[in-house]
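In case you want the letters, here they are:
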Amino acid sequence: MEPIKLQKYFSDCGVMSRRAAEEEIKKGLVRVNGEVAELGQRILPGTDKVEYKGKRVLPLEDERVYILLNKPRGYVTTLSDEKGRKTVTELIGDIGTRVYPVGRLDMDSDGLLLLTNDGALTNRLTHPRHEIPKIYHVTVSGSVSGTTLASLSSPMVIDGYEILPVKTRILAASDTSTTLEMTLYEGRNRQIRKMCEAHKLKITRLCRVALGDIALGSLQTGKWRHLTPEEVDYLKGNANK
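Report on the accompanying structure. One numbering rule holds for all chains: residues counted from 1, following each sequence as written. Only residues with pLDDT of 70 or above have their local features reported here, since the model is predicted, and side-chain atom pairs are shown and tallied only from 80 upward, although totals for entire chains, interfaces and linings are computed over all residues. Hydrogens and water molecules were not included; the side-chain quantities draw on all heavy atoms of the structure.

## Examining the overall build of the protein
Runs of E in the DSSP output that reach at least two residues are strands. Runs of H or I that reach at least four are helices, and both are numbered from the N terminus. A tally of helices and strands in the protein yields 6 helices and 17 strands. Computation of the radius of gyration draws on C-alpha atoms, with the globule rule given as 2.2 Å multiplied by the number of residues to the power 0.38. For 241 residues, the compact-globule formula gives about 18 Å, and the C-alpha radius of gyration of the protein, at 20 Å, lands near that figure. Here the C-alpha coordinates of the protein stretch approximately 65 × 45 × 40 Å along the principal axes. In this scheme, a residue with accessible area under 20% of its type's maximum is buried, one over 50% is exposed, and one in between is partly exposed, where area comes from a 1.4 Å probe on protein chains only. Looking at the protein residue by residue over its 241 residues, the buried ones come to 46%. Using the Shrake-Rupley algorithm and a 1.4 Å probe, accessible areas are obtained, with residue cover drawn only from the displayed protein chains. Accessible area of the protein: about 13,300 Å², with a carbon and sulfur share of 47%.

Right, dumping it as structure tokens:
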């Protein structure tokens, strides 16, 4: 077996994406054969001893598992939380194997969240250039003008970065609130909240309803289901091949 980059090993083991592993290596949280690892270091799987936060990282032997969860508000998308907040793992304890969230959905948001032990798929879906859109329904207080709607759909700068245009349309409107559908092709930290804040829109609910062709459908809040083989192929880019 040929040596591989340490961050790829983490991805292959289903622990985290390559990008996430790079950050953990930079923080000095990874050791190889007892020594603090360096970014870009290569290891020989099955020979070198890799540890993360003091725990051994072993090759993934379980069957690949792909879960779609309808996350409620008030849960954080981490496996554990030092602040004692509720985590999504409390909702999927009956899966029977360890899975990891694909990306994040902040505590005050709800809706579609994928979890898997397939590190390669996680890396694909969290890459900035992935082509599968994330679709959100965003309810804000009051009305949204045509000018604001056009501005939300145009390129804008968030935290010093020019984001890709976000397709935005009005789904429903009343005297007191407006529900927008926003389609993102990249997901920067709290992007929608920062976009709305920049336009002085107060969000009352933010729900991710779909990931490309994969939708929440009738799945109840707090419940989960396995992805179908067709849905997995779609996420891997194997559909129609």
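## Some details on helix H3 (residues 119–126)
Within H3, 6 of the 8 residues are buried, which leaves it mostly tucked inside the rest of the structure. Gly 119, Leu 121, Thr 122, Asn 123, Leu 125 and Thr 126 are the residues of H3 that are buried. Residue contacts follow a heavy-atom distance rule, with two residues in contact if any of their heavy atoms lie within 4.5 Å. On its buried face, H3 sits against helix H1 (6–12), helix H2 (18–26), strand S7 (66–71), strand S9 (110–116) and helix H6 (229–236). Under this definition, polar contacts are N or O atom pairs within 3.5 Å; protein pairs additionally need one hydrogen-donor-capable and one acceptor-capable atom, and for neighbouring residues in sequence, both atoms have to be side-chain atoms. The N-cap residue of H3 is Asp 118: its side-chain oxygen and the backbone nitrogen of Ala 120 are 3.1 Å apart.

## Points about helix H5 (residues 191–198)
Restricting attention to buried positions, one finds in H5 the residues Gln 191, Ile 192, Arg 193, Met 195 and Cys 196. At the C-terminal side of H5, Lys 200 shows a positive phi close to 55 degrees.

## Points about empty space enclosed by the protein
Cavity and pocket criteria rest on a 1 Å grid covering protein atoms alone: a 1.4 Å probe that fits but cannot get out defines a cavity, protein on both sides within 12 Å along at least 5 of 7 lines defines an open pocket, and an atom within 4 Å of a point defines a lining residue. Grid points are joined across faces, edges and corners, and a volume is the space filled by probe spheres set on the points. All chains considered together, the criterion is met by 1 cavity of 30 Å³ or more. Taken as a whole, the largest cavity encloses approximately 40 Å³ of empty space. Along its surface, the largest cavity is lined by Tyr 66, Ile 67, Val 102, Leu 114, Leu 115, Thr 116, Leu 121, Leu 227 and Leu 235. Per-element accounting of the lining of the largest cavity gives the leading share, 3 residues, to S9. Three categories are distinguished: nonpolar for Ala, Val, Leu, Ile, Met, Phe, Trp, Tyr, Cys and Pro, charged for Asp, Glu, Lys and Arg, and polar for the others, with Gly belonging to the last. A class-by-class count of the residues in the lining of the largest cavity yields 8 nonpolar, 1 polar and no charged.

## Digging into the sheet that holds strand S2 (residues 30–32)
Pairing between strands is defined by DSSP: at least two bridges between the two strands are required. In spatial order, the strands read S3-S2-S5-S6; together these 4 strands make up an open sheet with antiparallel pairing. Whereas interior strands pair on both sides, the edge strands pair on one side only; in this sheet they are strand S3 (35–36) and strand S6 (55–56). Looking at chain direction, S2 and S3 are connected through 2 bridges and run antiparallel. Looking at the pairing, Val 32 lines up with Glu 35 of S3.

## Description of the pairing of strand S10 (residues 134–141)
Burial analysis of S10 places 6 of its 8 residues in the buried class, which makes it a mostly covered element. In this sheet, strand S14 (residues 177–184) lies alongside S10 in antiparallel orientation, the contact comprising 8 bridges. In the sheet register, His 137 faces S14, and the bridge partner there is Glu 181. Pairing of S10 with strand S15 (residues 203–211) involves 7 bridges; the strand directions are antiparallel.

## Comments concerning the state of the cysteines
Cysteine sulfur atoms are paired as a disulfide whenever they fall within 2.5 Å. If you walk through the whole model with that rule in mind, you get 0 disulfides. Note on Cys 196: no disulfide assigned, nearest cysteine sulfur contributed by Cys 207 at a separation of 14 Å. Cys 196 sits in the buried class, given a relative accessible area of 1%.

## Some remarks on the packing of aromatic side chains
Put simply, two rings from Phe, Tyr or Trp (the six-membered ring, in Trp's case) pair if the centres are within 6.5 Å, and we call them stacked under 30 degrees between planes, edge-to-face over 60, tilted for the rest. Following the criterion strictly, the structure yields 1 aromatic pair and no others. Relative to Tyr 52, the ring of Phe 10 has its centre 5.9 Å away and its plane inclined at 90 degrees; by these criteria the two rings are edge-to-face. You can see Phe 10 sitting in helix H1 and its partner Tyr 52 sitting in strand S5 (residues 50–52), a full 42 residues away along the chain. Given a relative accessible area of 17%, Tyr 52 falls into the buried group. Our definition puts a charge over a ring when NZ of Lys or CZ of Arg is within 6 Å of the ring centre and also within 35 degrees of the ring normal. In this arrangement the basic side chain of Arg 188 is found over the ring face of Tyr 161, its NZ or CZ atom lying 3.7 Å from the centre.

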